[in-house]
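# Coordinates in review
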Amino acid sequence: MIKKISSMAEYHQQYQESVQDPEGFWAKQAETFMWQKKWDKVLDWNFKEPNVKWFVNGKLNITENIFERNLPTRRDQVALIWEPNDPKEKEIKLTYGQLFEKVCVVANALKKQGVGKGDRVAIYLPMVPELPIAMLACARIGAVHSIVFAGFSATSLMDRINDSQCKIILTANGLFRGNKNVALKSIVDEALVNCPSIEHAIVLRRTGDPINMVEGRDIWWEDFLKGVSNENTAEVMDSEDTLFILYTSGSTGKPKGVLHTIGGFMVYAEYSFMNVFQYNEGDVYFCTADIGWITGHSYLAYGPLLAGATSIMFEGVPSYPDAGRFWDIVDKYKVTHFYTAPTAIRALIAMGDDWVTSKDLSSLKVLGSVGEPINEEAWKWYNDLVGKGRCPIVDTWWQTETGGILISPLAGITPLKPSYATLPLPGVQPVLVDPEGNVIEGNNVQGNLCMKFPWPGIIRSTYGDHDRCRVNYFATYENLYFTGDGAKRDEDGFYRILGRVDDVINVSGHRIGTAEVEDAINQHPKVVESAVVGYPHPIKGAGIYAYVTTEHLTDDQLATIEKEIVDLVSKLIGPIAKPDKIQLTPGLPKTRSGKIMRRILRKIGEGDASSLGDTSTLLDPSVVEDIIKGAKVDVKR
Ligand code: 7RM
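Residues numbered from 1 in each chain as written. Predicted model: local features only at pLDDT ≥ 70, side-chain atom pairs only at ≥ 80, totals over all residues. Heavy atoms only, no water.

## Things to note about the side chain of Glu83
To keep it simple, the criterion reads: Runs of H or I in DSSP of at least four residues are treated as helices and runs of E of at least two as strands, each being numbered from the N terminus. Residue burial is assigned from relative accessible area. The probe radius is 1.4 Å, only protein chains are included, and a residue is buried under 20% of its type maximum, exposed over 50%, and partly exposed in between. Polar contact is the term for a pair of N or O atoms within 3.5 Å; when the atoms are in protein, one must be able to donate a hydrogen and the other to accept it, and sequence-neighboring residues count only if both atoms are side-chain atoms.
In this fold, Glu83 is placed in strand β4 (residues 78-83). Accessibility expressed as a relative area gives 2% for Glu83, which makes it buried. Among the polar contacts listed, one links the side chain of Glu83 to the side chain of Tyr333, at a separation of 2.6 Å.

## Here's the deal with the sheet that holds strand β20 (residues 393-396)
Picture the strands of a sheet paired through backbone hydrogen bonds; they go either parallel or antiparallel. To be explicit about the condition: Whether two strands pair depends on DSSP finding at least two bridges between them. The angle between two axes is taken between their N-to-C directions and runs from 0 to 180 degrees, where each axis is a line fitted to C-alpha atoms and a helix contributes only its stretch in contact. A contact between two residues is defined here by any heavy atoms of the two lying within 4.5 Å.
Sheet architecture is open: 7 strands sit in the order β5-β4-β17-β16-β18-β19-β20, paired in mixed fashion. Strand pairing shows two members of the sheet lacking a second neighbour, β5 (92-95) and β20, which therefore form its edges. Put simply, the sheet's adjacent strands are angled 20 degrees from each other on average, direction ignored. Two elements, strand β18 (residues 337-340) and strand β19 (residues 366-370), share 4 bridges in a ladder whose sense is parallel. Bridging from a neighbouring strand, Tyr339 pairs with Gly368 of β19. Against the sheet, helix α5 (residues 96-112) touches β4 and β5, its axis set at about 90 degrees to β5.

## Here we look at the packing of aromatic side chains
Rules: Each Phe, Tyr or Trp ring (for Trp, its six-membered ring) is paired with any other whose centre lies within 6.5 Å, and the angle between the two planes then decides the class: stacked below 30 degrees, edge-to-face above 60, tilted in between. By definition, being over a ring means that NZ of Lys or CZ of Arg is both within 6 Å of the ring centre and within 35 degrees of the ring normal.
For the coordinates displayed, the defined rule picks out 43 aromatic pairs. Relative to Tyr382, the ring of Phe338 has its centre 6.4 Å away and its plane inclined at 70 degrees; by these criteria the two rings are edge-to-face. Taken together, the residues Phe338 in strand β18 and Tyr382 in helix α15 (residues 376-386) connect sequence positions 44 residues apart. Residue Phe338 is classed as buried on the basis of its relative accessible area, which comes to 1%. With relative accessibility at 0%, the residue Tyr382 sits in the buried group. Grouping aromatic residues by their ring pairs yields a cluster made of Phe25, Trp26, Trp35, Trp39, Trp54, Phe55, Tyr268 and Tyr271. Against the face of Phe152 rests Arg160, its NZ or CZ located 4.2 Å from the ring centre.

## Topic: the site of the ligand
The criterion, for reference: Residues are labelled near a given molecule or strand when at least one of their non-hydrogen atoms is within 4 Å of it. Every accessible area reported is derived by Shrake-Rupley at a probe size of 1.4 Å, with residue values counting cover from the shown protein chains alone. Think of it as three bins: nonpolar holds Ala, Val, Leu, Ile, Met, Phe, Trp, Tyr, Cys and Pro, charged holds Asp, Glu, Lys and Arg, and polar takes everything else, Gly as well.
What surrounds the ligand is a group of 17 residues, the closest being Asp395, Thr396, Thr400, Asp485 and Arg500. A distance of 2.9 Å separates an oxygen atom of the ligand from a polar atom in the side chain of Gln399. A distance of 2.6 Å separates an oxygen atom of the ligand from a polar side-chain atom of Thr400. Considered on its own, the ligand offers 530 Å² of accessible surface; in the complex 96% of this is hidden by protein. For the shell around the ligand, the elements supplying multiple residues, two or more each, are α11 (294-306), β20 and β25 (495-500). Partitioned by chemical class, the residues of the shell around the ligand number 6 nonpolar, 6 polar and 5 charged.

## What to know about the pattern of salt bridges
This is how the line gets drawn: Whenever Lys or Arg places a side-chain nitrogen within 4 Å of a carboxyl oxygen from Asp or Glu, that contact is recorded as a salt bridge.
Scanning all chains against the criterion turns up 45 salt bridges. A salt bridge links Asp238 to Lys59; the shortest N-O distance between them is 2.7 Å. Of this pair, Asp238 sits in strand β13 (residues 237-238) while Lys59 sits in strand β3 (residues 59-60); the two residues are 179 residues apart in sequence, bridging distant segments of the chain. For Asp238, a relative accessible area of 17% translates into the label buried. Via salt bridges that share partners, Glu83, Lys90, Glu91, Arg325 and Lys332 belong to a single interconnected network.

## So, the packing of helix α7 (residues 154-164) against helix α8 (residues 184-192)
Put simply, the rule reads: With respect to orientation, any angle under 35 degrees is reported as roughly parallel, any angle over 145 as roughly antiparallel, any angle of 65 to 115 as roughly perpendicular, and every other angle as oblique. Here is the rule for handedness: rotate from the far helix to the near one, and if that takes an anticlockwise turn smaller than a right angle the crossing is left-handed, while a clockwise turn gives right-handed.
Relative to each other, α7 and α8 sit at 55 degrees, their axes nearing to 8 Å. The angle between α7 and α8 places the two elements in the oblique class. As for how α7 packs across α8, the hand of that crossing is right-handed. Taking contact as the criterion, the partners of Ala154, Leu157, Met158 and Ile161 in α7 are, on α8, Ile187, Val188, Glu190, Ala191 and Leu192. Classifying every residue of the contact of α7 with α8 by side-chain character gives 8 nonpolar, no polar and 1 charged.

## Concerning helix α18 (residues 555-572)
Test applied: What a helix should span is 1.5 Å times the count of its residues minus one.
In a regular helix each residue adds 1.5 Å, so 18 residues correspond to 26 Å; α18 covers 26 Å between its end C-alpha atoms and thus fits that length. For α18, every residue scored as buried is listed here: Ile561, Ile565, Leu568, Val569, Ser570 and Leu572. Gly574, located one to two residues past α18, shows a positive phi value of around 150 degrees.

## Some remarks on the sheet that holds strand β21 (residues 430-433)
Spatially, 4 strands are ordered β21-β22-β24-β25 in an open sheet, and the strand pairing comes out antiparallel. Because the sheet does not close on itself, it has two edges, and the strands there are β21 and β25. Averaged over neighbouring strand pairs, the angle between their axes works out to 45 degrees when direction is ignored. Relative to strand β24 (residues 481-489), strand β22 (residues 445-451) is paired through 6 bridges, and the arrangement is antiparallel. Bridge pairing in β24 links Gly447 to Ala487.

## Remarks on the side chain of Thr95
Mapped onto the elements, Thr95 comes out in strand β5. Among the polar contacts made by the side chain of Thr95, one reaches the main-chain carbonyl oxygen of Arg75 at a distance of 3.3 Å. Leaving out residues up to four positions away in the same chain, Thr95 has contacts with Arg75, Asp76, Gln77, Val78 and Ala79.

## Observations regarding empty space enclosed by the protein
Taking a probe equal in size to a water molecule and rolling it over the atoms shows the remaining empty space. Put simply, the rule reads: Space inside and on the surface of the protein is sampled on a 1 Å grid over the protein atoms alone, with a cavity defined as a set of points where a 1.4 Å probe fits but cannot get out and a pocket as an open set with protein on both sides within 12 Å along at least 5 of 7 lines; lining residues have an atom within 4 Å of a point. Grid points are joined across faces, edges and corners, and a volume is the space filled by probe spheres set on the points.
Within this structure, the stated rule accounts for 1 cavity of 30 Å³ or more. Quantified by volume, the largest cavity comes out at close to 40 Å³. The wall of the largest cavity is formed by Asn61, Ile62, Ala139, Gly142, Ala143, Met237, Thr242, Leu243 and Ile262. Looking at the lining of the largest cavity residue by residue, the class counts come to 6 nonpolar, 3 polar and no charged.

From the geometry alone we can't say anything about function, so treat these as descriptive.
Spelled out as structure tokens, the structure:
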């Protein structure tokens, strides 16, 4: 097991060591894991291709590190607590021993269906225990999981399945989320019409909904498990074999499949989990993220389970049956560590303080925040009302591509500053650069956030298109990994993340590419073109503002087009990408070379036209006036 840092002095000492001798430092961490064969070399890397390899030629299985390594001391300790959407339904608690057995059964069932090492498995499941079980079963047999958040549309699911040519999909007939009941299987049916690589759909019965089962293709979960042994020997994997693919939005094109490999991800997930959260024996950890996002992968499932922790997974939403739900869960299980997103905090602030002040939250020791910058008001409410001023808040900055937390306080150790992610973890070497890529030295500075040295959890590739990985992350600035975020470093060397500097909008902590939303809007037969920007939103952090030009519309068409656009985006991407504001406009501001000037649209969306900057390069400056007049917000000049 990883030994936790326990003081600021020890942090500084580990940090120094990790920079002066990264290989020695990470070898020491990796030695605490179970390897079938030790690595020949700790690290091989260049950021040119890029080519990053950790624990070269090491052989292992990540699930042996969750199970075989933990079972001797934790067989009867609860690994996973499942809290259902409906508080009246019974919770499920699985010990390490019970979870292991379930993982082995599904691993064997997958094998029986012909799934083996390297095959890709799509997982499109609600937040039920079968989701982490399926995920770990894939890892057990060396298959690559590609989990798709169950809020994505049929088209998004289809694109993801086809991009990585998944062989099988694990899904459910339906799901419960708050008072909604989603017919998941019908979404899958729609997607699979165009997914020739899928041989079988395994269907879990979660809701009462009757569904259509396709003969020869679809198999009920219980039939899938029938006659399968509960004993399974882990597949021996290479440290650099793929563990999973997770799709995420970028500034251009369709979502890309971020690829993580086993050894490095494993070491970094446990190391960062233990150090950031300072988890202790007997603690109960609750991460509210869905496993369909990276936070759920690294800090609901892999990190805590590697560390032998007790991890809660919650099927529902914070507002169901009422706005006290999170706090009821905290009280019910005596949660010590609570990790959520600022958007959830802001939504709960809006519901009033009574929902939290009336609950017993005395078990809490550490609070976490992730996904977007936490504004000072939300930080203060979280600190005062939830943490009663006695729980450190770890504002954890990281990305799908980083695999784990890179910049964050260590709970109870690092001094806190509201809205600051504070300091890099040992092994993490951030730099700020100007637009030309010059490194900005010293403190009290601001720039684009990059990393100049690899850490074990770093992205290895984008599935099926390695050059896209190079272009997206390693080509903007030579020999640096570029995060896409801007940041400031204050007088103490603490980092404050300022947000995306590219065309990615962070909506409620979820990444939405403007290009993706535009492509969806442009599919409407009456739409000529569109430009999408983010604007400040009190709950979501950022909202989606779409400027749209159309062909001539009749009054009837005009009356329905906005709804049609919203429905189209929801159908093509998913409800999370729906525009909050749509402005029909006769034109878009373009340069003479035809590039849309989003900077201007962003300013107008923010309600500030006082500093539009130079508009003289515009092809037709008068469109700006038209847009300001029709803006869906009061625009100050
Ligand atoms: C974990 C996750 C990544 C983007 C990232 C940032 C933003 C995440 C914070 C944050 C400010 C934070 N992965 N972001 N955490 N911004 N403070 N603590 O969210 O791939 O979905 O998103 O999220 O812009 O680049 S993600």
